[in-house]
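Here is how the chains run, residue by residue.
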Amino acid sequence: MGGFRELPREVKILTAVAFTVAVGFGIQSPAIPVFAGEFGVGSAAVGAVVSAFAFMRLATGLPGGRLVNRFGERAVLTTGMALLAVTSILAGLSWNYPQLLIFRGACGVGSALYTVSAMNMLLRVTPASHRGRATGYFQGGYYLGTVTGPALGGGLLGVSPRLPFFVYGVAVAIAGAIATVALSKAVPITDAVARTGTAAKTGMGSGAGAGDGRPGITLGRALRHRSYLAALTTNFGLGWAVFGVRVSVLPLYLLVVIKADAAWIGTGLAVGAILQAVTLPVAGRVADQWGRRPSLLLGQGLILGSLVMVITWQTLVAYLAAFALMGLGTAFCTTGGAATVGDVTRGRGGTVVAGYQMTADLGMTVGPLVAGQLAASYSYEVAFLATGAVVLIGWIMALVMPSRPT
């Protein structure tokens, strides 16, 4: 079966770093609207502070992937975390709204560099037989941090709305320094290792990704792989349905159609997040032992089932059950999708990993806008049907993908 102990040491380090970054992000979350509001701006301007982070993360994903290809994962990861730390502290020191907006956008750039390099390294140092599990633990650390962070942030916010930014910056700086040293001897897995599971010790050196002697796959070549296309469409559907509609349109549906108390919004989100975090290691094992395609089909099937449940039974129980199914489905989709990308790259593939991660950001940006407009113009049922159609496209792509990368 295998567990966390069987994974490369780099996976354990990256998981700990992911937890630290996610805790810090969660600590900042409740402080952002309060701190921005102190500058006397309206709700639209407060929302722009949140959007600036997401927009810059999306805009710099592919450039970050190119930097990974050029300089290696460790150098880009260190740069990204340093940028996160510095800009977070500067955001806390902002004395007007434009400065806060600029520094939050710069945080998005740091986040893009960090996430692309960390995922690329994770996939490179882990043999194919364990990529699903490595991804599961890595993402599990992140989601555990997102659950823990807001609770800590609420306490710090009571002291000062600037304090969460400082705490995040210092925590990321320390984690980045430790990761830089600990990952200095990260070992890539060659194609032979990925197939046989044997351990070949080929040091990366200071570039952490610049010295395995094999050409990396380009984004253009990756787009010719049906497996990669399936991973992209799946991730786009996740961004649209789970990271977008689940936190925007579904809560409104609860209030307007089901007419339940607003307190249930947080309950539903918590149910989904907890189940997702708990299921990720299991989902990773499923992706390794059953294959990537069954994992993607199962995950998207669960998400489709959650949407059908919401449309069919307009009750609070169905609403909470839908969040549970979404959490379970997301665990299987994210591990199966990331492992698929790792199988396709088989070497340095910074832009390929970046492209995969950007599809979720794009779906998260577009999904709430389209679904929200459909709900306003027609009905919530139409909005959820459109969301289901997007997820179904990913399910079909996974159905026709090869069982092994070609």
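The structure presented is a predicted model; accordingly, all values stated were derived computationally and were not measured. (Residues numbered from 1 in each chain as written. Predicted model: local features only at pLDDT ≥ 70, side-chain atom pairs only at ≥ 80, totals over all residues. Heavy atoms only, no water.)

A.B. asks: Would you mind going over the overall build of the protein with me for this structure?
C.D. replies: The helix and strand inventory of the protein stands at 16 helices and zero strands. Per-residue burial over the protein gives 55% buried out of 406 residues. The long-range fraction of contacts in the protein, counting pairs at least 24 apart against all pairs at least 6 apart in sequence, stands at 84%. Counting only carbon and sulfur atoms, one obtains 71% of the accessible surface of the protein, whose full area is about 15900 Å². (Helix = DSSP H or I, 4+ residues; strand = E, 2+ residues; numbered from the N terminus. Buried < 20%, exposed > 50% of the residue type's maximum accessible area, 1.4 Å probe, protein only. Contact = heavy atoms within 4.5 Å. Areas by Shrake-Rupley, 256 points an atom, 1.4 Å probe, with all protein chains shown as cover.)

A.B. asks: Is there a simple way to explain the nonpolar core in this structure?
C.D. replies: Nonpolar side chains in soluble globular proteins tend to be buried together. Membership of the largest hydrophobic core comes to 40 residues, with the highest contact counts inside it found for Leu14, Met81, Tyr114, Phe138, Tyr228 and Val341. If you tally residues by element for this core, the top one is helix H6 (residues 97-125), at eight residues. Beyond its immediate sequence surroundings of up to four residues, Met81 is in contact with Val17, Val21, Tyr114, Val172, Ala175 and Gly176. Formed by 22 residues, the second largest nonpolar core is a distinct cluster that contains Trp240, Val245, Tyr319 and Met326. (Core = buried A, V, L, I, M, F, W, Y, C linked by side-chain atoms within 4.5 Å.)

A.B. asks: Would you mind showing me how to read the environment of Val21 here?
C.D. replies: Among the structural elements, Val21 can be located in helix H1 (residues 9-28). Judged by its relative accessible area of 7%, Val21 falls in the buried class. The spatial distance from the C-alpha of Val21 to the C-alpha of Gly149 is 9.5 Å, given a sequence separation of 128 residues. Among residues more than four places away in sequence, those in contact with Val21 are Met81, Tyr114 and Tyr168.

A.B. asks: Explain the side chain of Asn235 here, please?
C.D. replies: The topology assignment puts Asn235 in helix H11 (residues 226-258). Its relative accessible area of 6% is what places Asn235 among the buried residues. Polar side-chain contacts of Asn235 include one of 3.5 Å to the side chain of Thr359. When sequence neighbours within four positions are dropped, the list of residues in contact with Asn235 reads Tyr356, Gln357, Thr359 and Ala360. (Polar contact = N/O pair within 3.5 Å; in protein donor to acceptor, adjacent residues only side chain to side chain.)

A.B. asks: Sorry if this is basic, but what is going on with the pattern of salt bridges here?
C.D. replies: Applying the stated criterion across every chain, the model contains six salt bridges. For the salt bridge of Glu73 with Arg124, the shortest nitrogen-to-oxygen distance reads 2.5 Å. Residue Glu73 is located in helix H5 (residues 73-92), and its partner Arg124 is located in helix H6; the two are separated by 51 residues in the primary sequence. Exposure remark for Glu73: the relative accessible area of 1% places this residue in the buried category. Classification of Arg124 by relative accessible area gives buried; the value is 5%. Its salt-bridge partner being Asp343, residue Arg131 comes within 2.6 Å of it at the nearest N-O pair. (Salt bridge = Lys/Arg side-chain N within 4 Å of Asp/Glu carboxyl O.)

A.B. asks: Whenever I open this one, helix H15 (residues 350-377) confuses me. Can you help?
C.D. replies: One full turn of an α-helix is made of 3.6 residues, so residues set three or four places apart face in the same direction. For H15, built from 28 residues, the straight-helix expectation of 40 Å at 1.5 Å per residue is met to within 8% by its first-to-last C-alpha distance of 41 Å. Roughly 25 degrees is the biggest bend found in H15, and it falls at Val366, with proline Pro368 one to four residues downstream. (Expected span 1.5 Å × (residues − 1). Bend = angle between axes of the 7 residues up to and from the residue.)

A.B. asks: Could you clarify how one ought to interpret helix H4 (residues 61-71) in this entry?
C.D. replies: Among all positions of H4, only Gly61, Gly64, Gly65 and Val68 are buried. The buried residues of H4 occupy an angular sector of 105 degrees when the element is viewed end-on, so they sit on one face. With respect to the buried face of H4, the exposed residues turned more than 90 degrees away are Arg66 and Arg70. Gly72 sits one or two positions beyond H4 and adopts a positive phi of about 95 degrees. (Arc of directions from axis to C-beta.)

A.B. asks: I'm lost on the packing of aromatic side chains in this one. Help?
C.D. replies: By convention here, two paired aromatic rings are described through the distance between centres and the angle between planes. Using the criterion set out here, one finds seven aromatic pairs in the structure. Pairing Tyr319 with Phe323 gives two aromatic rings, centres 4.7 Å apart and planes at 50 degrees, and the pair type is tilted. With Tyr319 and Phe323 both in helix H14 (residues 316-345), this residue pair falls four residues apart, about one helical turn. On the accessibility criterion, Tyr319 (1% relative accessible area) is buried. Judged by its relative accessible area of 0%, Phe323 is buried. An aromatic cluster of three or more residues is present, and its members are Phe35, Phe39 and Phe165. (Phe/Tyr/Trp six-rings, centres within 6.5 Å; stacked < 30°, edge-to-face > 60°.)

A.B. asks: What is the right way to look at the packing of H15 against helix H16 (residues 380-400) in this model?
C.D. replies: The description of two helices packed together rests on the angle between their axes and the distance between the axes. At a minimum axis distance of 7 Å, the contact between H15 and H16 shows a crossing angle of 150 degrees. Classified by the angle between their axes, H15 and H16 sit roughly antiparallel to one another. The crossing of H15 and H16 is right-handed. Packed against H15, whose contacting residues are Ala371, Leu374 and Ala375, the element H16 presents Tyr380, Val382, Ala383, Ala386 and Thr387 at the interface. Residues of the contact of H15 with H16, tallied by class, amount to seven nonpolar, one polar and no charged. (Axes fitted to C-alpha atoms, helices over the stretch in contact; angles between N-to-C directions. Parallel < 35°, antiparallel > 145°, perpendicular 65-115°, else oblique. Left-handed = near helix turned anticlockwise from the far one by under 90°. Nonpolar A, V, L, I, M, F, W, Y, C, P; charged D, E, K, R; others polar.)

A.B. asks: Quick question: what am I supposed to make of a nonpolar patch on the surface here?
C.D. replies: Judged by side-chain polarity, Leu392, Ile396, Leu399 and Val400 come together as a nonpolar surface patch covering roughly 310 Å² of accessible area. Mapped onto the elements, Leu392 comes out in helix H16. (Patch = residues over 30% accessible without salt bridge, like charges linked within 9 Å, V, L, I, M, F, W, Y side chains within 5 Å.)

A.B. asks: How should the packing of H4 against H5 be read in this particular structure?
C.D. replies: Interhelical geometry of H4 versus H5 gives an angle of 135 degrees and a closest axis separation of 7 Å. Classified by the angle their axes make, H4 and H5 are oblique. Between H4 and H5, the residues in contact are Gly64, Leu67, Val68 and Phe71 and Glu73, Ala75 and Val76, respectively. Considered class by class, the residues forming the contact of H4 with H5 number five nonpolar, one polar and one charged.

A.B. asks: Which parts of the structure should I look at to understand the confidence of the model for the protein?
C.D. replies: If pLDDT is low for a region, its predicted coordinates should not be looked at in detail. On average, residues of the protein score 85 in pLDDT, and 89% of them are at 70 or above. pLDDT under 50 marks residues 190-213. Its contacts with residues more than four places away, or in other chains, come to 49 contacts. (pLDDT = per-residue confidence, 0-100.)

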